[in-house]
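Below are the chains, spelled out letter by letter.
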Amino acid sequence: MLNIHHCAQAGFEAARQLLGRPAPHPQARLHGHSFVSRLRAHAAPGWALCPGTEVEQLQQHLEAVTAALDHRLLNDCLPEPDDAALARWLQQRLHHDGLQGAQVGLQSTPRSGCTLDAGGGAHIWRRYRFEAAHQLPRVPAGHKCGRMHGHGFEALLHVRADGGEAATGVADAIERAWAPLQQRLHRQCLNDIPGLENPTSEVLSAWLWQQLVPALPALSRVTVYETASCGARYDGQRYRIWKDLTLDSARRLRQAPAEHPLAALYGHTYTLRLHLGGELDAVQGWTLDFGDVKRLFDPIFKALDHQPLHELAERAALPDCDCASLAGWILQQGRRELAALERVDLYQTPGCGAQVRLP
Ligand SMILES: Nc1nc2c(c(=O)[nH]1)N=C([C@H](O)[C@H](O)COP(=O)(O)OP(=O)(O)OP(=O)(O)O)CN2
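Parameters at a glance
- Residues numbered from 1 in each chain as written.
- Predicted model: local features only at pLDDT ≥ 70, side-chain atom pairs only at ≥ 80, totals over all residues.
- Core = buried A, V, L, I, M, F, W, Y, C linked by C-beta atoms within 7 Å.
- Buried ≥ 20, exposed ≤ 12 C-beta atoms within 10 Å, placed from the backbone.
- Contact = placed C-beta atoms within 7 Å.
- Domains from an automatic or database assignment.
- Helix = DSSP H or I, 4+ residues; strand = E, 2+ residues; numbered from the N terminus.
- Nonpolar A, V, L, I, M, F, W, Y, C, P; charged D, E, K, R; others polar.
- Near = placed C-beta within 6 Å.
- Expected span 1.5 Å × (residues − 1).
- Bend = angle between axes of the 7 residues up to and from the residue.
- Axes fitted to C-alpha atoms, helices over the stretch in contact; angles between N-to-C directions.
- Parallel < 35°, antiparallel > 145°, perpendicular 65-115°, else oblique.
- Left-handed = near helix turned anticlockwise from the far one by under 90°.
- Pairing = 2+ DSSP bridges.
- pLDDT = per-residue confidence, 0-100.

Here the focus is the nonpolar core. Of all hydrophobic cores here, the largest spans 85 residues; its most connected members are Ile 124, Ala 327 and Leu 346. The contacts of Ile 124, once residues within four sequence positions are left out, are Asp 83, Ala 84, Cys 114, Val 159, Ala 161, Ala 167, Val 170, Ala 171 and Ile 174.

According to the domain assignment, the protein chain consists of domain 1 (1-41 + 53-108), domain 2 (121-237) and domain 3 (238-359). A straight line from the C-alpha centre of domain 2 to that of domain 3 covers 27 Å. Of the residues lining the interface, 15 residues belong to domain 2; the matching set on domain 3 comes to 14 residues. Mapped onto the side of domain 2 that touches domain 3, the elements with two or more residues apiece are α4 (201-212) and β10 (230-234). When residues in the side of domain 2 that touches domain 3 are grouped by element, the largest group, five residues, is from β10. For the side of domain 2 that touches domain 3, the class distribution of residues is five nonpolar, six polar and four charged.

Around the ligand, 18 residues are found, and the nearest of them are Cys 145, Thr 200, Thr 227, Trp 286 and Phe 290. Those elements that place two or more of their residues in the shell around the ligand are α4, β9 (219-227) and α5 (290-304). In terms of residues, the shell around the ligand owes the most to one element, α5, which gives three residues. A class-by-class count of the residues in the shell around the ligand yields seven nonpolar, seven polar and four charged. There are two domains that each give the shell around the ligand at least three residues, and those are domain 2 (121-237) and domain 3 (238-359).

Next up on the list: unusual backbone geometry. Cis peptide bonds are those with omega within 30 degrees of zero, and the linkage from Ala 23 to Pro 24 qualifies with 10°. Looking at the secondary structure, you find Pro 24 in the loop between β1 (3-16) and β2 (31-43). Unlike most non-glycine residues, His 71 shows phi in positive territory, near 50°. Along the chain, His 71 falls in the loop between α1 (54-66) and β3 (72-73). The exposed category is assigned to His 71, around which 10 C-beta atoms lie within 10 Å.

Mapped onto the fold, Leu 116 is located in strand β5 (residues 112-116). Sequence separation between Leu 116 and Gly 291 is 175 residues, and the spatial gap between their C-alpha atoms is 33 Å. Those residues in contact with Leu 116, other than ones at most four positions away along the chain, are Ala 87, Arg 88, Gln 91, Gln 103, Val 104, Gly 121 and Ala 122.

All right, on to α5 then. Here α5 is 15 residues long and its end C-alpha atoms lie 19 Å apart, about the 21 Å a rise of 1.5 Å per residue gives. A maximum bend of about 60° is found in α5 at Asp 298, where proline Pro 299 lies one to four positions downstream. Within the sequence span of α5, burial applies to Phe 290, Val 293, Phe 297 and Leu 304. On its buried side, α5 packs onto β10, β11 (239-251), β12 (266-278), α6 (309-315) and α7 (323-337). At the C-terminal side of α5, His 306 shows a positive phi close to 55°.

Right, let's talk about the packing of α1 against helix α2 (residues 83-94) for a bit. Where α1 meets α2, the axes come as close as 10 Å, and the angle between the chain directions of the two elements is 120°. Judged on the interaxial angle alone, α2 and α1 are oblique. The way α1 lies across α2 gives a crossing that is right-handed. Where α1 approaches α2, its residues His 61, Leu 62 and Val 65 are matched on the opposing element by Leu 90, Arg 93 and Leu 94.

As judged from the 13 bridges shared by β11 and β12, these two strands associate in the antiparallel manner. Bridge pairing links Arg 240 to Gly 277 in β12. Direction of pairing for β12 relative to strand β13 (residues 341-349): antiparallel, over a ladder of six bridges. Its bridge partner lying in β13, Leu 274 is registered against Val 344.

Summing up the model confidence of the protein chain, the mean pLDDT is 95 and the portion of residues at 70 or higher is 99%. The complex prediction reports pTM at 0.95, with the ipTM value standing at 0.90.

Here β1 runs beside strand β14 (residues 352-357); their pairing, made up of five bridges, is antiparallel. In the sheet register, Cys 7 faces β14, and the bridge partner there is Gly 353. Looking at chain direction, β1 and β2 are connected through 11 bridges and run antiparallel. Paired with His 6 across the strands is Ala 41, a residue of β2.

What follows is the structure, given as structure tokens:
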């Protein structure tokens, strides 16, 4: 039995003033953001009016709740509307019978936000970018990553904020902890930094963890984006890598009644994210080469990309071609070639789709 979550996201434009911030902190002034709210939950069978439309209904539910914050002064809704308080405000209102294990996220800028975990704990996050060169010295001869090259790397840091400390205090602690690392990493060659002689994404995520955890003991994970489509995450114990692929495909929901808009033939540019877990290869310093993930997955990719997905669903005897059904199929098929594949996300529009993982 696979573990399925449906996902939705919605944006809202709003102003706020964080009065707990001492002046002249810029957030103490009245300012505004294009916020993004995210909801992930398992929609129990029967929750959606029509099976296969869970994602659309989850999005409608999120948009309806979020609308109360749109084009508003958030201080009229909450005394101190920081990211964690807003996420909790949303979580209370998003509760709905039939939605199980709901998790809420709130992004205030593309570089900052808060995620509430399944237990309700708040994780404050910050995202940083550094431009750096590297080469992977242990790859087989001829591998493109053996050549000196570079990336606009991004590091996403999550820190638990459950110790009674204000979310803004945690955010400040992350900023202080990151500042010296930005100096060490930006416009540098990673191979020259002690501990990064073999700077794979996995090694870099664990190195960052070790550098940060003394100042941030509540660090919960470090995620390194090597490119926009691949990276690695380390949580102090486990590594996980991911590779994103884009599918341009058509669909028609077979279970939707004939008059339902989703019964029509239309299409999406889907984002497919493959997550693989496992130990590091002692020589290469990676779990599995991103390039090998793409190569081994290619036959399944070809069955999905530029295809009518409802026909694939029919051949595969799936209930329908909704994101959850397809992601489950992809996970099962993918594990034949990629034994370490442990989770598949399929988004039909940004942030809206399904995540399916092994139990
Ligand atoms: N598990 C890992 N695999 C690879 C790593 C790594 O750190 N961990 N690094 C590399 C190379 O550095 C390479 O530059 C990045 O990988 P690549 O697959 O080329 O990423 P792209 O997004 O550029 O791939 P597309 O071909 O555009 O899909 C290789 N593997």
